[in-house]
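Examining the three-dimensional arrangement
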Amino acid sequence: MEILVCVKRVPDTAENEISVSSAGNDIERGDLVYSVNEWDNYAVEEAIQIVDRVGGNVTVVAVGDDESEEILRREMAMGANDGLLLKDGAFDGSDGKGTASILKAAVGKGKYDLILTGAQAEAGAAQVGGMLAAMLDYPYASLVNKVEVIDDKKLKVGREIEGGNQEINEIELPCVLSIQTGINEPRYVGIRGIRKVASVEIPVMGASDLGLGADSVGAAGAKVKRVDYFVPEMGAGAEMLEGSTEEIIDKLVELLKAKGGLK
Amino acid sequence: MGTFLLSVFALLVPVAGIALFVYIVARRLAPLFRAAPDFRFDNIGKRLFGLYEYPHHRMPRPGYELSGYIHITTIICLGVLSLQVITLLLQGISPSFSLPFLDKGLIADGYRMISDLALTVLLGATLLALYRRVVLKPERYDVPERYGKNKTFPDAVLSLGLLAGLAVLDIVYIASGWRVDVYAGADTHILIPFTGTWITASVFSLFSPTANQVVHVLSFMLLIVLIFGFVCYLPFGRFFHLVTGPPNVFFKKIKKGSVKPVKWGITDDKLDELESFGVKKFEDFTWKHMLDFYTCTDCGRCSDNCPATTVGRPLSPRFISIKGRNYAFSHYPLKGSFIQNEPLMGDVFHDDEIWSCTTCGACEEECPVTIEYIDKIVDLRRGMVDDGNVPQSLQKPLSAIEKRGNPWGKMEKKRGEWTKDLPEDCSVKLFEAGDTAETLYFVDSITSYDDRMISIAKATAKLLCAGGADFGILGKDEKDSGNEVRRFGEEMLFQDLKNHNTEMILESGVKQIVTADPHALNTLKNDYAGLPPVEHISQFLARKIKNGDISLKSVEKPEAVYTYHDPCYLGRHNEIYDAPRDVLDAIPGLRRVEMAKSRDRSFCCSGGGLMLFYEPEEEERMGVLRVKMAAEAGATVMVTACPFCLVNMEDAIKIAGLEGKLEAIDLAELVERHLDK
């Protein structure tokens, strides 16, 4: 099975202190460390496991700049066979639809039976997977937490639904799935693994390679524009506990006791 | 004719016996020749001395005195009797044979008297050992159900039975021979009253000379068959340690606290060229580690002291060895082809088993035949890391260390923030800002960032100031020391941390390094190379108190009872036991008690570094057991000298419900409070 997994380089939420930039339309990016979007990492692990079971090939693709190469290598160290970087100045400032258009064009350049995306990335929009499926006219399942290959035409996919219930669907290939965390336990990628793939050539494709007009993607093609970015003001009834972790915990326990939440 | 046949028999049995033994041992050693290299030929003098020194230090450790002294006695007796057995075997072939000085005369008679005594003592010791096995049944010999059938018990009884049988037969052989000599009017040695030989010879005086002669010949024939039967049985079970024990002790690990290189003979800068890392299949173990498997006596002392076993984690060091030996026996059988290169993880060893180890070293401290466990565990983990098989709970901190140099992913620039509210008379220099100083205080991650542990950093800085040290810190240029990164098998990340820290330390131009974190101490001292000398703050304090640079005032809480908990990486791995105790005892009026398990028997707090992140399967927390031990000793204050111990103890006190009865404090914090300014 030929699988394409779309991955994104994002600021690592666990390892950064995130604050809104002074311009107010982004976060402060000076001291950030980046890694692969967590959901995408689960998607790559799932793709590798599928190929381990039924054979085939895993390609990881990222829309980004030169630095996105680092996360492609990390996923290749994990076991993805090929990488593909979609890079062009014209891609900058793409909205979700723009990103989906770029990916759609890349899908057209290959022959893939299955396309996986993470359920969402750091912005929490969870839109690219669905749009990509629509543009390709492929069937789509979101928030997938189980994949079973029936044959080369069909998959059985599990989805987590409201209230912790599980539903199982059959879906025809080729299709797009957005992968939920917890579907597997992604393997560890050590420094050694990354070094092993350090010199592997990763092909790069730009707008012209993909046959995309400069005005259909990037800032020029974006129909959604972020206009503001801020930490909401504290409403009535909200209280921020301050102090050391211990002090915060003590205050919280006290509050819970006072309001009858803890006996 | 009869004598001739006897000589032929006496020749054939040893030849056949030796041939069979050599064949069996050659098959047993076959995997060692397919194993990874291991460099054990340095320090020959030290190693030879170890053969003498080791048994009487290790064997009768407290709690194991009986079995220890049975062993020492047996070794001495077997040593004495070896000459008698050699003589006996060769006399079978040529009756006039004798070893130099042992034919006739004072020395010969003296030796015969001593060996009579040795035989009796050997028989007594063996029967006592059998009594322990069969009647007393020490708990540590039990085999938990999940490890299958108890094969040790029948093996032990059979081996000990054979040894007792040998002693009895030898007594019969000597006593009947002595009787024959007496009847023939030849010179004989004096029998020491109440020895086995004396009793048997007394009984044999009831029988005729011919009867004694017949008994003498028959006992000889049976004896040599049994001797070689016994020798050939050794490689089938735990008695193999009679053969492999001495070489295993000779080849023991010399450098405490260190971890073996990924592959002996491959320098750190060549690691990238290795195809595979760590132990994935049996043949990836080093030959010495395979010898360890064969040498295991199944005595259970390791697991008896293992904190992971004690709290019900799925690890028992004893069965690491037993499973390794069973693997060798079944995959390198005595006949038929060898089964090679099968994966170990999942079939022989299990993930949780291998991640359960805190590398505290209690097992190795206890093993009477110097079996190594930490290096094997680390090698197995290296194999798992190389295959990407790392628990999710450990992946986050490892990736944070890779990116930010600390397991919580905190910002590098905040690493030195703890210094900001130090008093004005104690300023900490910052090498990242271009300062220079004599001494580097290596803070390490937890003490730099943790809300609670920065109090150790502040106390340490104040103590260094009080002791007049000219010191600084690396600040954002310091990364995690990597002690656990290495011990959790992520060697390449460790190499990066080591190279970075080494470069920064050398660049700072310091003459010495001091730390309050034993894990940092251990890795800087034993894993890094080319650094200035490293010491723990307790050593600095002991010295400064002794020479009067630091004086301490009377204990704040005269009613309190203090106890000191030895951190594994300060105590067992670096043998610093006395300095922290001396420092405590220098506080006037401080009352101190020892816990039952202290010094090299200290009980691990639950583990430090990455172990804080690992979520083990266990019935109880190690820390909880440990704080209960402190309470049992009558202590109200538990002093430790490691930030990880402090984290675990403070948690454990709450869980154990000992709040208000017991508190935990770091040595540096306690001493800082008693500075007499």
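Calculation rules
Residues numbered from 1 in each chain as written. Chains lettered and ligands numbered in written order. Predicted model: local features only at pLDDT ≥ 70, side-chain atom pairs only at ≥ 80, totals over all residues. Helix = DSSP H or I, 4+ residues; strand = E, 2+ residues; numbered from the N terminus. Buried ≥ 20, exposed ≤ 12 C-beta atoms within 10 Å, placed from the backbone. Contact = placed C-beta atoms within 7 Å. Pairing = 2+ DSSP bridges. Axes fitted to C-alpha atoms, helices over the stretch in contact; angles between N-to-C directions. Core = buried A, V, L, I, M, F, W, Y, C linked by C-beta atoms within 7 Å. Nonpolar A, V, L, I, M, F, W, Y, C, P; charged D, E, K, R; others polar. pLDDT = per-residue confidence, 0-100.

Observations regarding the overall build of chain B
- Counting secondary structure elements, chain B contains 26 helices and nine strands.
- Principal-axis analysis of the C-alpha atoms gives chain B an extent of 100 × 60 × 45 Å.
- Within chain B, the fraction of its 677 residues that count as buried is 47%.
- Residue pairs in contact within chain B that sit at least 24 positions apart in sequence constitute 79% of those at least 6 positions apart.

Re the overall build of chain A
- Along its length, chain A carries eight helices and eleven strands.
- The principal-axis extents of the C-alpha atoms in chain A amount to approximately 60 × 40 × 40 Å.
- Put simply, chain A has 263 residues, and 38% of those count as buried.
- Nonlocal contacts in chain A, meaning residues at least 24 apart in sequence, comprise 70% of its contacts between residues at least 6 apart.

What about the sheet that holds strand 5 (residues 82-86) of chain A?
All names here are of chain A.
- With respect to topology, nine strands assemble into an open sheet ordered 9-8-7-10-6-1-4-5-11, the strand pairing being mixed. Two strands bound the open sheet, and with one partner strand each, they are strand 9 (165-172) and strand 11 (204-205).
- The pairing of strand 8 (residues 154-161) with strand 9 spans eight bridges and is antiparallel. In the strand pairing of strand 9, Val157 is matched with Asn169.
- Sheet strands touched by helix 3 (residues 96-108): strand 1 (2-7), strand 4 (57-63), strand 5, strand 6 (114-118) and strand 11. Its angle to strand 4, the strand with the most contacts, is close to 145°.

Looking at the nonpolar core
- Membership of the largest hydrophobic core comes to 221 residues, with the highest contact counts inside it found for Val5 and Val60 of chain A.
- Take this core: its biggest share by element is twelve residues, from helix 5 (residues 152-184) of chain B.

Describing the sheet that holds strand 8 (residues 637-640) of chain B
Residue and element names in this part refer to chain B.
- Taken in spatial order, the four strands make up an open sheet running 7-6-8-9, and their pairing is parallel. Strand pairing shows two members of the sheet lacking a second neighbour, strand 7 (591-593) and strand 9 (663-666), which therefore form its edges. Recorded for the sheet is a direction-independent mean angle of 35° between the axes of neighbouring strands.
- With three bridges connecting them, strand 6 (residues 561-564) and strand 8 associate as parallel partners. Across the sheet, Tyr562 pairs through a bridge with Val637, a residue of strand 8.
- Helix 23 (residues 578-585) rests against strand 6, strand 7 and strand 8 of the sheet, and its axis sits at about 165° to strand 6.

Digging into the interface of chain B and chain A
- Taken together, the contact between chain B and chain A spans 22 residues of the former and 18 residues of the latter.
- No other element matches the eight residues that helix 16 (residues 392-404) of chain B contributes to the side of chain B that touches chain A.
- For the side of chain B that touches chain A, the residue count by class is seven nonpolar, six polar and nine charged.

So, the pairing of strand 10 (residues 175-179) of chain A
Residue and element names in this part refer to chain A.
- Among the five residues of strand 10, four are classified as buried, and the element is accordingly described as predominantly covered.
- Sheet topology note: the strand 6/strand 10 ladder contains five bridges and is parallel. Across the sheet, the residue bridging to Gly118 is Ile179, located in strand 10.

What about the confidence of the model for chain B?
- In this model, chain B carries an average pLDDT of 95, and 100% of its residues clear a pLDDT of 70 or more.
- In the model output, the complex is listed with pTM 0.93 alongside ipTM 0.87.

Structural notes on the environment of Ser321 of chain B
Residues and elements named next belong to chain B.
- With respect to the helices, strands and loops of the structure, Ser321 is situated in helix 12 (residues 317-331).
- A C-alpha to C-alpha distance of 8.7 Å links Ser321 and Thr295, two positions 26 residues apart in sequence.
- For Ser321, the residues in contact, after removing those within four places along its chain, are Asp292, Phe293, Cys296 and Ile371.

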